[in-house]
Amino acid sequence: MQQAMEIDFDIPKFLSQERTKTPDHLQHYFTTFEDLYERKLWHQLTVKVLEFFKEPASGPFQIPMYQQFVSEWSSKINTLSLVSIALKAATHFQDANDAVLFLETLVNKVDTPATQDVHVHAVMEAAYFKLQLNQLEQVKKAIDSSEKTLDCLDSVDTAIYASFYRVCAAYYKAKAEYAQYYKNALLYLACINIEEVSTEEKVERAYDLSIAALLGEMIYNFGELLMHPVLDALTHTEHDWLRSMLFAFNSGDIGKFEALAPHFAKLPLLQENAGALSRKICLMSLIESIFRRAGDSREIPFADIAAETRLPVEEVEHLVMKALSLKLIRGSIDQVDQKVTVTWVQPRVLEKDQIDGMRRRLEDWDGQVKKISGFLSEQGGEVFAQ
């Protein structure tokens, strides 16, 4: 009986009824839907449905459109497009539990050997709604299983990676795991067109990334974030000072850090971690001072480090040991002569001023090489070979 009802479902009648409910500027879609459906032009119909779902005013009609119309010819549609349509509809459920039930049906539908990438997409988006229900253990299981699946696939659509990293970032934000949030949020931004993101979302993402960069225990290089256009969203907002603070940290500018530190009072989370932030700026000041030095000038007296970091000389050794333990630098400490020999500095994503500094050092090095070459040429005569 149920099967007969499904077979006899009157698509034209449903589309006609829905058309009368929609605003005037959307009604033409339904005429097109009916025409393409009757002509079995599935690709064109899919494109038109996606176009309709992008219309802001289509929101109230998306759930019935998917359940009563799209599901009727879902076997004819590209699975990634099917999931994309279903995900847009899912956002209009008032109860997250209903959205999870809706998407779990979709998850089972696309769980085939040939559509494992799309299955990941559906699983992660269902996990996003579970996150809203505070079902953190289930979300973590979804992340772990999806990561394993993605690692085994050769080619995956960027939209699927974007979904994966977006949900991972949301999970780690809920867990207050700053370093993991920072990593996944930046990977998410690498998978999308930032121009298509709303201003409000840009500001929220830039704010969250800024907090994560400052509080992440293993984050000592902000270059990738500083060079990303999303950070510009903080300009001329109440959080503009956070952007300046990130630049101060990345350049190890303790003076600027101290000038901006009073803003911590606006954010209890930063106020509570003021001590850790002070230690972090000292480490970044140390790294930056080493980075600025010429390659043949990496033997640094404790007194120089104390001057750069504004620490007492007796605290310098502990600071260097911390940098060594975090693998920010490699080298050795001479406690007798009170000096540090640095052989390696952690690779960094450089901002424009740092790149310019490297250019100047390369020019100096080139000049020195030319002087030595000229000297050998003059002294060696015919014996010297260019």
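Just above sits the structure.
Residues numbered from 1 in each chain as written. Predicted model: local features only at pLDDT ≥ 70, side-chain atom pairs only at ≥ 80, totals over all residues. Heavy atoms only, no water.

Draft legend 1. A look at the environment of S377. Relative to the helices and strands, S377 resides in helix α20 (residues 352–380). S377 gets classed as partly exposed once you look at its relative accessible area, which sits at 29%. Along the chain, S377 and F102 lie 275 residues apart, while their C-alpha atoms are 79 Å from each other. (Helix = DSSP H or I, 4+ residues; strand = E, 2+ residues; numbered from the N terminus. Buried < 20%, exposed > 50% of the residue type's maximum accessible area, 1.4 Å probe, protein only.)

Draft legend 2. Representation of helix α19 (residues 316–325). Among all positions of α19, only V316, L319, V320 and A323 are buried. Around the axis of α19, the buried residues are gathered within 95° of arc, so they sit on the same side. Elements in contact with the buried residues of α19: α17 (274–292), α18 (302–309), β2 (329–334) and β3 (339–345). At the C-terminal side of α19, K327 shows a positive phi close to 60°. (Arc of directions from axis to C-beta. Contact = heavy atoms within 4.5 Å.)

Draft legend 3. Representation of the pairing of β2. Where β2 lies against β3, six bridges are found, and the strand directions are antiparallel. Within β3, the residue paired with I329 across the bridge is V345. Counting the residues between successive antiparallel strands, the hairpin from β2 to β3 contains four residues, one of them, Q338, with a positive phi of roughly 50°. (Pairing = 2+ DSSP bridges.)

Draft legend 4. The arrangement of a nonpolar patch on the surface in detail. A cluster of nonpolar side chains, contributed by L362, W365 and V369, occupies part of the molecular surface with about 320 Å² of accessible area. Relative to the assigned elements, W365 resides in helix α20. Judged by relative accessible area, W365 falls into the exposed class, the value being 54%. (Patch = residues over 30% accessible without salt bridge, like charges linked within 9 Å, V, L, I, M, F, W, Y side chains within 5 Å. Areas by Shrake-Rupley, 256 points an atom, 1.4 Å probe, with all protein chains shown as cover. Salt bridge = Lys/Arg side-chain N within 4 Å of Asp/Glu carboxyl O.)

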